[in-house]
Amino acid sequence: MMITFECHAKGCSPGRWIGTLEIIKNGNPCEAEVSGRGSRFHLITGKHTYGNYLCIPSWNIGTELADLSDCFWNEERLRHYTRLKKADSCTVVTALKILADYIN
């Protein structure tokens, strides 16, 4: 199933864009394909003893997450610990928020 969503971020041009989310494997871990503004991400997210995690193997990203719906904290984490651009991190955290409704 393909889910379309809208992203928006201050300081990005354009300020709004459309992203897509496709859940490949539901459960723990969950795998999904996300795209927006020309970038594509294979997300692997799940829970471990101390919280949540996110891996994006093709971008060499692995990090802790807050709750999947916590866009502020998750975006700060991605921006601080990875080389993702603001628009890409916004696309990923918006997709994670939507994904939370399907896997929780």
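What counts and what doesn't
- Residues numbered from 1 in each chain as written.
- Predicted model: local features only at pLDDT ≥ 70, side-chain atom pairs only at ≥ 80, totals over all residues.
- Heavy atoms only, no water.
- Helix = DSSP H or I, 4+ residues; strand = E, 2+ residues; numbered from the N terminus.
- Rg over C-alpha atoms; globule rule 2.2 N^0.38 Å.
- Buried < 20%, exposed > 50% of the residue type's maximum accessible area, 1.4 Å probe, protein only.
- Contact = heavy atoms within 4.5 Å.
- Areas by Shrake-Rupley, 256 points an atom, 1.4 Å probe, with all protein chains shown as cover.
- Lys, Arg positive; Asp, Glu negative; His and termini not counted.
- Charge placed at Lys NZ, Arg CZ, Asp CG, Glu CD.
- Polar contact = N/O pair within 3.5 Å; in protein donor to acceptor, adjacent residues only side chain to side chain.

Draft legend 1. Region of interest: the overall build of the protein. A count of helices and strands for the protein gives two helices and six strands. Listed N to C, the secondary structure of the protein is β-β-β-β-β-β-α-α in terms of helices and strands. The C-alpha atoms of the protein give a radius of gyration of 12 Å, which matches the 13 Å a tight globule of 104 residues would have. Viewed in the frame of its principal axes, the protein has a C-alpha envelope of about 40 × 30 × 25 Å. Buried residues in the protein amount to 44% of all 104 residues. Pairs at least 24 residues apart make up 32% of the contacts formed inside the protein by residues separated by at least 6 positions. Accessible surface for the protein amounts to roughly 6000 Å². Of this, 50% is attributable to carbon and sulfur atoms. Where the 12 positive side-chain charges of the protein centre and where its 11 negative ones centre are 6 Å apart.

Draft legend 2. Summary view of the side chain of E33. Tracing the backbone through its elements, the reader meets E33 in strand β3 (residues 30-36). A distance of 2.6 Å separates a polar atom in the side chain of E33 from a polar atom in the side chain of H42.

Without other data, these values stay purely geometric and don't point to any function.
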